[in-house]
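If you want the building blocks of each chain, they are given just below.
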Amino acid sequence: MSAEHRSNGSATAVAHPNIALIKYWGKSDEQLVLPRTDSLSMTLDIFPTTTRVRLVPEAEHDEVTLGGAPLEGEARRRVVAFLDLVRERAGSSQRAVVATENTVPTGAGLASSASGFAALAVAASAAYGLDSDPTALSRLARRGSGSASRSVFGDFAIWHAGRPGEADADLSSYAEPVTTGEFAPALVIAVVNAGPKAVSSRAAMRRTVDTSPLYEPWAASSKDDLAEMREALLKGDLDAVGEIAERNALGMHATMLAARPAVRYLSAPTLTVLDSVLQLRRDGVPAYATMDAGPNVKVLCHRKDAERVAAVVRGAVPGGSVHVAGPGPGARLLNGAA
Ligand code: DP6
């Protein structure tokens, strides 16, 4: 009996986005989605993605929907390629119906691909009867989108760059939980523009690695940032965590600004929010910013300060929306909901 016959051919999973405090920017292997550097993130407790995978023995094509609408183009191609990988491993040729519901704006630098491919990895593995240990799921999710490897885990997770070029390269790169003591900060998320980004993070990181003279220095300093970040997390030192996260993110954006042609995700409202974060610090409120492949800003602060930080940030971007997140759970199957 093949693995897929042991499963009931249908599974639903939920996963949350994660925000990197030490960024992943640049691949050493495009096909295997191996990163150039280790990265470290916090999984959120808001904006879950729910994905249902149902095998359809008689179907000739996969059916892929997002929010009820068929996915097309590159987005669909990535999901089908991911399913092909799962099918290859499961020894199956069965097509599937994949239905995803996002609660986060898609493609706006708010990590929808992280929660999306983490949920898909968990649901597809269950539906096709593949290995479901978290390390295997993290490796698999990585193949869909690098940052998804981290959303398999809750709270704080580190994703290892692994050993590119070695025989065990694929096995060597996965995320795992990071020990932090009692550290539970808030991330205040300022959505200054929820529209899709002009350049995908995939294309932008490729251009940065290929053309930016600042890339190698950032990658080297990111190693030091990571070591310091682990110390700071263990101590539960929010100021240190925030300072390291902010400089790591600004450094990543500097590599992009120096790419040829430049990639610039930071917009005028982004800078306005960054100014308000500086002002909060001047006023004695520990608050630190990080930005991903989009104009939105995530502000790290103590939970007790979250409402004050949110109010200040809201005032800085009157047209935007502001959300308060804390550390959230890892990806999981929804039992009985398949
Ligand atoms: C800026 O994981 O979306 O958010 O692996 O090409 O799918 P692909 O890229 P993706 O890149 C995320 C980049 C980032 C930083 C981070 O999350 O570490």
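Residues numbered from 1 in each chain as written. Predicted model: local features only at pLDDT ≥ 70, side-chain atom pairs only at ≥ 80, totals over all residues.

For the protein chain, the name recorded in an unreviewed UniProt entry is diphosphomevalonate decarboxylase, with Streptomyces luteireticuli as its organism. Under Sequence similarities (unreviewed entry), UniProt gives the following word-for-word description of the protein chain: "Belongs to the diphosphomevalonate decarboxylase family." (UniProt positions renumbered as here; feature names shortened; annotations may be inferred.)

Participant: Can you help me understand the sheet that holds strand E16 (residues 332-333) in this one?
Facilitator: Sheets are built from strands that pair by backbone hydrogen bonding, the pairs being arranged parallel or antiparallel. One open sheet holds the six strands; their spatial order is E8-E7-E9-E6-E1-E16, and the pairing between them is mixed. A strand with exactly one partner marks an edge of an open sheet, and here the two such strands are strand E8 (69-70) and E16. Pairing geometry for strand E7 (residues 63-66) and E8, over two bridges, is antiparallel. Looking at the pairing, Thr65 lines up with Pro70 of E8. Packed on one face of the sheet, helix H3 (residues 112-128) meets strand E1 (10-15), strand E6 (49-56), strand E9 (95-102) and E16 and runs near 35° to E6. (Pairing = 2+ DSSP bridges. Helix = DSSP H or I, 4+ residues; strand = E, 2+ residues; numbered from the N terminus. Contact = placed C-beta atoms within 7 Å. Axes fitted to C-alpha atoms, helices over the stretch in contact; angles between N-to-C directions.)

Participant: How should helix H7 (residues 201-211) be read in this particular structure?
Facilitator: Given 3.6 residues per turn, any residue in an α-helix points the same way as the ones three and four places further on. Taken together, the buried positions of H7 are Ser201, Met205 and Thr208. Summarising the axial view, the buried residues of H7 lie within an arc of 60°, below the 170-degree limit, and thus occupy one face. Those residues of H7 that are exposed and angled more than 90 degrees off the buried face are Ala203 and Asp210. Each element contacted by the buried residues of H7 is listed here: strand E3 (27-29), helix H8 (215-235) and helix H9 (238-257). (Buried ≥ 20, exposed ≤ 12 C-beta atoms within 10 Å, placed from the backbone. Arc of directions from axis to C-beta.)

Participant: Mind showing me how you'd approach the pairing of E9 here?
Facilitator: Side-chain direction in a regular strand flips from residue to residue, so the side chains alternate between the two faces of the sheet. Only one face of E9 is covered, namely the face carrying Ala96, Val98, Thr100 and Asn102; the face carrying Arg95, Val97, Ala99 and Glu101 is uncovered. Two elements, E6 and E9, share eight bridges in a ladder whose sense is antiparallel. Counted as the bridge partner of Val56 is Arg95 from E9. Sheet analysis places E7 next to E9, joined by four bridges and oriented parallel. Among the inter-strand pairings, Thr65 is bridged to a residue of E9, identified as Ala99.

Participant: Would you mind going over the sheet that holds strand E13 (residues 287-291) with me for this structure?
Facilitator: Taking strand neighbours across the sheet as the criterion, the four strands line up as E13-E14-E12-E15 in an open arrangement whose pairing is antiparallel. The open sheet has two free edges, formed respectively by E13 and strand E15 (321-325), since each of these has just one partner strand. When strand polarity is set aside, the average angle formed by the axes of neighbouring strands in this sheet is 25°. The sheet contacts of H9 involve E13 and strand E14 (297-301), and relative to E13 the element is tilted by about 30°.

Participant: Help me understand the domain arrangement of the protein chain, please; the structure alone is not making it clear to me.
Facilitator: Interface size, as often reported, equals the accessible area lost upon joining of the parts. Considered domain by domain, the protein chain is made up of domain 1 (3-178) and domain 2 (185-325). Each of domain 1 and domain 2 has a C-alpha centre, and the two are 24 Å apart. Taken together, the 24 residues of domain 1 in the interface contact 34 residues of domain 2. Where the side of domain 1 that touches domain 2 is concerned, the elements lending two or more residues are strand E2 (18-22) and strand E5 (39-43). Of the residues that constitute the side of domain 1 that touches domain 2, the class distribution is 14 nonpolar, five polar and five charged. (Domains from an automatic or database assignment. Nonpolar A, V, L, I, M, F, W, Y, C, P; charged D, E, K, R; others polar.)

Participant: Mind showing me how you'd approach the site of the ligand here?
Facilitator: Around the ligand sit 14 residues, and of these Ala20, Tyr24, Ser145, Gly146 and Ser147 come closest. In terms of residue class, the shell around the ligand is built from five nonpolar, six polar and three charged. Here the shell around the ligand spans two domains, since at least three of its residues come from each of domain 1 (3-178) and domain 2 (185-325). (Near = placed C-beta within 6 Å.)

Participant: Would you explain the pairing of E14 in this entry?
Facilitator: Burial runs high along E14: five of the five residues are buried. Of the two faces of E14, both are covered, the one formed by Val297, Val299 and Cys301 as well as the one formed by Lys298 and Leu300. Pairing of strand E12 (residues 186-191) with E14 involves five bridges; the strand directions are antiparallel. In the strand pairing of E14, Val188 is matched with Val299. Pairing analysis gives five bridges linking E13 to E14, with the strands arranged antiparallel. When the sheet's bridge partners are listed, Ala289 is paired in E14 with Val299. The loop that links E13 with its antiparallel partner E14 comprises five residues.

Participant: How should I be thinking about the environment of Tyr174 in this particular structure?
Facilitator: Within the fold, Tyr174 resides in the loop between helix H6 (169-172) and strand E11 (175-177). When the C-alpha atoms of Tyr174 and Pro48 are compared, they prove to be 21 Å apart, with 126 residues separating the residues in sequence. If we skip the residues at most four places from it in the chain, Tyr174 touches Thr135, Ser138, Arg139, Arg142, Ser149 and His160.

Participant: Would you explain the environment of Ala289 in this entry?
Facilitator: Tracing the chain through its elements places Ala289 in strand E13. Each C-alpha atom, one on Ala289 and one on Val33, is 27 Å from the other, the two residues being 256 residues apart in sequence. Once you skip the residues sitting within four places of it in the chain, Ala289 turns out to touch Glu246, Leu274, Val277, Val297, Lys298 and Val299.

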